[in-house]
Amino acid sequence: MYRRISRPLQLSRSFSRALSTRATNVLSALGIEPKHGVLRGVYDGKWGGTGAPVVSKCPTTGEHLADISTATPTEFHELIERSREAYHDFRMIPAPRRGEILRQIREALAAKRDHLGALVSLEMGKILSEGIGEVQEFIDICDYATGLSRMMNGQVIASERPGHSILEVPNPLGLVAVISAFNFPVAVYGWNLALSFIAGNATIWKPSPSTPLCSIAVTKIIAGVLEKNGIHGAAASLVTGDNHIGDALCESEHVTLVSFTGSEHVGQKVGKKVQHRFGKVLLELGGNNASIVMPDADLSLAVPAVFFGAVGTAGQRCTSTRRLFLHRDIAPKFLDTLKKAYASIPTGDPLVSSTLLGPLHNDRAVKNYHRQMLHLHDIGAEILTGGKVAKLNGFEGGNFVQATIAVPPSMDLDLWKQELFAPILNVAIFDELEEAIQWNNSVPQGLSSSIWTRDVRNVGKFMGPAGSDCGIVNVNVGTSGAEIGAGFGGNKRTGWGRESGGDSWKQYVRWSACTVNYSDAAPLAQGVNFSL
Ligand code: NAD
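Residues numbered from 1 in each chain as written. Predicted model: local features only at pLDDT ≥ 70, side-chain atom pairs only at ≥ 80, totals over all residues. Heavy atoms only, no water.

As annotated in an unreviewed UniProt entry, the protein chain carries the name aldehyde dehydrogenase (NAD(+)) and comes from Serendipita vermifera MAFF 305830. UniProt lists a comment for the protein chain under the heading Subunit (unreviewed entry), and it reads "Homotetramer." Word for word, the UniProt comment on the protein chain under Sequence similarities (unreviewed entry) is "Belongs to the aldehyde dehydrogenase family." (UniProt positions renumbered as here; feature names shortened; annotations may be inferred.)

1. Brief notes about the pattern of salt bridges
By the definition in use, this model includes 18 salt bridges. For K126, the salt bridge goes to E134, with nearest N and O atoms at 2.6 Å. Here K126 falls in the buried class, since its relative accessible area comes to 2%. By relative accessible area, which is 1% here, E134 ends up buried. Here E130 makes a salt bridge to R317, at a shortest N to O gap of 2.8 Å. Of this pair, E130 sits in helix α5 (residues 128-148) while R317 sits in the loop between α10 (299-311) and β14 (321-327); the two residues are 187 residues apart in sequence, bridging distant segments of the chain. The network of salt bridges with shared partners includes R106, E107 and D143. (Salt bridge = Lys/Arg side-chain N within 4 Å of Asp/Glu carboxyl O. Buried < 20%, exposed > 50% of the residue type's maximum accessible area, 1.4 Å probe, protein only. Helix = DSSP H or I, 4+ residues; strand = E, 2+ residues; numbered from the N terminus.)

2. Details of the domain arrangement of the protein chain
Here the domain parsing of the protein chain yields domain 1 (25-285 + 499-511) and domain 2 (289-485). Its C-alpha centre places domain 1 at a distance of 31 Å from the equivalent point of domain 2. Taken together, the contact pairs 29 residues of domain 1 with 26 residues of domain 2. Of the roughly 2,200 Å² buried between domain 1 and domain 2 on both sides combined, carbon and sulfur atoms contribute 60%. The largest per-residue losses of area from domain 1 upon contact with domain 2 belong to T60, I127 and E130, which jointly make up 25% of the total buried on that side. (Domains from an automatic or database assignment. Contact = heavy atoms within 4.5 Å. Buried area = accessible area lost by both parts, 1.4 Å probe.)

Structural data, given as structure tokens:
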């Protein structure tokens, strides 16, 4: 139960001053104009929220962008009720019609794609082209789900009894909560919403407390389409807030599925809490991804891919390359070339199109980076490049660090087993593929992996039963990023969840096995006789 006594919303003390032109340009293009610095962060058909605010802060400049009001316990319970009302009607709309409405949402998102991408860049800190790419992912999954809305097929199964048929029928689940992480403040919701929506559920989004503006901008766009189509806005509601709101969603008996994206530590709590009430849970947790480079690899492809995987999004993707295993024969050449790329990384404002390395998301991440660097020094790791917190002229309030390549002294260290959300790439050298695969699989997480080779035998080993144990197994493709067409997710402590493409939609429906008897007799299965 969400009973927390929250501070009433207080108008911000800090908004007598104006926002920078940089931030104003991004926000006003999306019609976001904080009044006295405060925005309403709850939507369930109407905008509201008078609970204690969360703060949106720009990671690049440190600028305080806005205070966003959250839901009080009463408002939270009202939102659940509105969502139940919305579901009551929404489930009856034929799936292809829901698909048509999703197509309109896709069009509305596409019209604002670049502006939304800039907001992702402003608030999360990833570079502009990645911010836009993230919105493109939402658009892509809308296309996918629109098509799927005419293909959510169950099976017709041959019955052993005469005059009988068995049908597998998908129906909506009810209320689906999407709890998302800061590093994909738009796309993760998109993957979930698109499938949940065509399945006929009412979806409740609780975004990261540090990226509320992205969630407000997206929800405004979706709400406009719903309202135009006469659909209850709570079919796609929003509740900003911190862990207390997340907790309340996990505990609510009315929420059938909790789709959670975030850290292993929180995912473990979420998993237990939802399972405790026998709810359904989908977990997308941390990654600790490795690339293996064989002696026959095309280095002109592998080096840039590892560079992007380790440095892109400042190492803050769940699929970022954190471990690099190089075959001894190519290691010196590979590292020389990679170090040259690291020597001139354009670092700075992620909104500037030439920037490749933006800031970390918050100062806690900078502290974690710094602590890890001290640890690497303490254990005698070789730091090939980087290693320092960076202060950039004009961005003194930003969370910048240097992208780092380190060679730890042994494989028998805890640091190999933990996901650290920063651009630190740890390198080791191997002699046999089997050894590299064993290292790849020796961590608790199992999200993404990649091998660089031209030898089909290596490909077979890596993809087969004794190969990579990850949910994503790439060949001559880096670990970072994925297309929406395949089911996305990881194994082991990454949580076993699958979202986006493939068969993922099947998790957003409840399945009924319906046996229909068209005959004039009522025989029992397996020939059981129970007649008087
Ligand atoms: P986080 O675990 O700190 O927070 C994630 C979400 O959980 C936030 O919305 C937060 O408010 C909420 N939350 C916190 N405590 C909660 C509780 N007790 N109950 C319910 N909800 C609660 O994660 P983060 O720092 O925002 O994101 C980074 C992590 O997310 C990394 O570990 C990254 O690998 C992971 N991630 C995984 C994927 C994937 O698909 N596997 C994708 C993106 C991010």
